[in-house]
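# A structural walkthrough
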Amino acid sequence: LKRAPFIGALVAEFIGTFLLAAAVITGQGQPIIVLFAIAGIVLLVGTLSGAHLNPAMSIGAWVTRKISGLRAVGYIVAQFLGALAALGLLNAFIGGAAQSTAAGYPATTLFQAATIPVGKEWYVFFAELVGTLILGFAVATALRIKGDRLASAFTVGLGIFAALLFAASAASYVGGSAIINPAVALSLQALKFEMWPLAIYVLAPIVGGVIGFILQDLLRVESDGGKD
């Protein structure tokens, strides 16, 4: 891997997204759990790949010319594979768990996204979009932090905490789920080849992530950093 740093970055994105998806499933999407999980993952793999862990973040980084198109495509493939591996591994453990046959005791199942509420799709769509905008802004900020890995990790962690706190709460008001990560949406069994699942869990995060990255760049250019 020392001779092929790009391959090392892809492996890091695979491992990082695997860990993130596993943390979301086992922690049932609780924002505080995701905060510390993603902060730890950024510390683990951030120096290898930048720790995007999210196709929307990789596309936002590509649109704002922080990474090449080839790297963005490679990252996205690695992220989906990592999320799929997490789902497969946890399903294997569920399959090996002792299933209760007693009446009134439900079978053990993995945490999943809620079914998209009929007639409320646009609410969930905009919750995803705004949540990923917040996350994109945070990740773009973290990518500019040089030399302080802890600050970078907690910038991303607190960013996803704020994003999920808003998006998940907003979506839950109408009976839906906000995931703000297309790869993790796959591991939460939310992705289907249907219009609304693809629009909500793929299109909305991509649009939100790109806006977040662009907004951070624009504000950075316009701001004087608080200097007199």
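Above this text is the structure in question.
Residues numbered from 1 in each chain as written. Predicted model: local features only at pLDDT ≥ 70, side-chain atom pairs only at ≥ 80, totals over all residues. Heavy atoms only, no water.

## A short note on the overall build of the chain
- Regarding its fold elements, the chain presents 8 helices and 0 strands.
- Ordered by position in the sequence, the α and β elements of the chain form the string α-α-α-α-α-α-α-α.
- Residues classed as buried in the chain amount to 45% of the 228 residues present.
- Within the chain, contacts between residues separated by at least 24 positions form 75% of all contacts whose residues are at least 6 apart in sequence. (Helix = DSSP H or I, 4+ residues; strand = E, 2+ residues; numbered from the N terminus. Buried < 20%, exposed > 50% of the residue type's maximum accessible area, 1.4 Å probe, protein only. Contact = heavy atoms within 4.5 Å.)

## Some words on the packing of aromatic side chains
- The tally for this structure, following the rule as stated, stands at 5 aromatic pairs.
- On the basis of an interplanar angle of 70 degrees and a centroid distance of 5.2 Å, the ring pair of tryptophan 122 and phenylalanine 125 is categorised as edge-to-face. With a gap of 3 residues between them, tryptophan 122 and phenylalanine 125 both fall in helix α5 (residues 121-144), about one helical turn apart.
- Tryptophan 122 gets classed as exposed once you look at its relative accessible area, which sits at 51%.
- Judged by relative accessible area, phenylalanine 125 falls into the buried class, the value being 9%.
- A ring pair is formed by phenylalanine 125 and phenylalanine 126, whose centres lie 5.4 Å apart and whose planes are at 80 degrees; its orientation type is edge-to-face.
- An aromatic cluster is defined as three or more aromatic residues linked by ring pairs; in this entry it consists of Trp122, Phe125, Phe126 and Trp196. (Phe/Tyr/Trp six-rings, centres within 6.5 Å; stacked < 30°, edge-to-face > 60°.)

## Topic: a nonpolar patch on the surface
- On the surface, Ile7, Val11, Phe14, Ile15, Leu19, Leu44, Val73, Val77 and Leu81 cluster together to form a nonpolar patch covering roughly 740 Å² of accessible area.
- Mapped by element, the contributors of at least two residues to the nonpolar patch are α1 (5-26) and α4 (69-96).
- It is α1 that contributes the most residues to the nonpolar patch, 5 residues altogether.
- Inspection of the secondary structure puts leucine 44 in helix α2 (residues 31-49). (Patch = residues over 30% accessible without salt bridge, like charges linked within 9 Å, V, L, I, M, F, W, Y side chains within 5 Å. Areas by Shrake-Rupley, 256 points an atom, 1.4 Å probe, with all protein chains shown as cover. Salt bridge = Lys/Arg side-chain N within 4 Å of Asp/Glu carboxyl O.)

## Side note on the nonpolar core
- Core analysis: the largest hydrophobic core is formed by 55 residues, its most contacted members being Leu20, Ile179 and Tyr201.
- Of all elements in the fold, only α1, α2, α3 (55-63), α4, α5, α6 (149-173), α7 (182-187) and α8 (195-222) reach the threshold of two or more residues within this core.
- Broken down by element, this core gets its largest block of residues, 8 residues, from α5.
- With residues near it in sequence (within four places) discarded, leucine 20 still touches Val34, Ile38, Ile41, Leu53, Asn181 and Val184. (Core = buried A, V, L, I, M, F, W, Y, C linked by side-chain atoms within 4.5 Å.)

## Let's talk about unusual backbone geometry
- Of note, arginine 65 is a non-glycine position whose phi angle comes to about 65 degrees, a positive value.
- Residue placement: arginine 65 occurs in the loop between α3 and α4.
- Given the relative accessible area of 79%, arginine 65 is considered exposed.
- The backbone of isoleucine 180 sits at a positive phi, close to 50 degrees, despite the residue not being glycine.
- The residue isoleucine 180 is located in the loop between α6 and α7 in this model.

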